[in-house]
Amino acid sequence: MATLAQRVIRRTARSVKTETSRTKLRRLIGIDCTVNRPSKGFCTGTINVTFIEDGQPIETSVRIGQSILEAAHENEVELEGACDSQLACSTCHVILDQVTYGELSEPCDEELDMLDLAVGVTNTSRLGCQINLTKAMDGITIEIPQSVDAR
C-alpha cells in the first residue's frame, strides 16, 4: 500500500513532461516501472505453470526470470503481445489467481492505463509482459481472457 506521500509524488510524476524525468522521479521514490526486456541467459531453473486458454488447461515448464508473455510464446499459448513488451498495448492481458496477484508489487500507472483498454478486466488482471516468473510462482495458474470477436 502506497503512503500518502508516494501517492502525491505519483500524481506529480504523471504531470512531468519528459519520460526521462518521470523515470528518474519514480526511481527516486522507489516506484519500479521499467519495461521488461527479454530475459534470455538470465534464468536459472524452471517452474510449472498452467495456462488456461479457451477453458482448457495447458501444463508447461517455463524458465524462472522470463515474463509471462515470453513463457506463453515459448509454449504456443495464444497471447499476442503486439507492442513487443513496450507497455504500449493491452494484448498480453492475463488474469491471475488472487494469491499470486496479492504477492506481486502494485502495477505502475502506465500498466493500469493499458489495462483500462483491455477487454474482460478483473480485479486480478495484469499485463503478461510486466510479470517476471519467480521460483515462488511454481504451480500457478494463469488465465488467458477470451478475445472479443468484432464481426
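Check the entry above for the structure.
This write-up is about the structure you can find in this document. All values derive from a computational prediction rather than experimental measurement.

Strand pairing in a sheet takes place through backbone hydrogen bonds and is either antiparallel or parallel in direction. Overall, mixed pairing links the five strands, which are arranged E2-E1-E5-E3-E4 in an open sheet. Each end of this open sheet is capped by a strand with a single partner; those strands are strand E2 (56–63) and strand E4 (125–127). Adjacent strand axes in the sheet meet at a mean angle of 35° when their direction is disregarded. Here strand E1 (residues 46–53) runs beside E2; their pairing, made up of eight bridges, is antiparallel. For Val-49, the partnering residue across the bridge sits in E2 and is Thr-60.

Bringing the pattern of salt bridges into the picture now. Scanning the model with the defined rule gives two salt bridges in all. Here Glu-74 and Arg-63 are joined by a salt bridge, their closest N and O atoms 2.8 Å apart. Linking Glu-74 in helix H3 (residues 68–74) with Arg-63 in strand E2, this pair joins segments that are 11 residues apart in sequence. Judged by its relative accessible area of 42%, Glu-74 is partly exposed.

Bringing the layout of surface pockets into the picture now. When its volume is computed, the second largest pocket comes out at roughly 370 Å³. Taken together, 16 residues line the second largest pocket, and the ones lying closest to its centre are Thr-91, Ile-144, Pro-145, Gln-146 and Ser-147. For the lining of the second largest pocket, the per-class residue count stands at seven nonpolar, five polar and four charged.

What counts, and at which threshold
Residues numbered from 1 in each chain as written. Predicted model: local features only at pLDDT ≥ 70, side-chain atom pairs only at ≥ 80, totals over all residues. Heavy atoms only, no water. Pairing = 2+ DSSP bridges. Helix = DSSP H or I, 4+ residues; strand = E, 2+ residues; numbered from the N terminus. Axes fitted to C-alpha atoms, helices over the stretch in contact; angles between N-to-C directions. Salt bridge = Lys/Arg side-chain N within 4 Å of Asp/Glu carboxyl O. Buried < 20%, exposed > 50% of the residue type's maximum accessible area, 1.4 Å probe, protein only. 1 Å grid on protein atoms, 1.4 Å probe; cavity = no way out; pocket = protein on both sides within 12 Å on 5 of 7 lines; lining within 4 Å. Points joined across faces, edges and corners; volume = space filled by probe spheres on them. Nonpolar A, V, L, I, M, F, W, Y, C, P; charged D, E, K, R; others polar.

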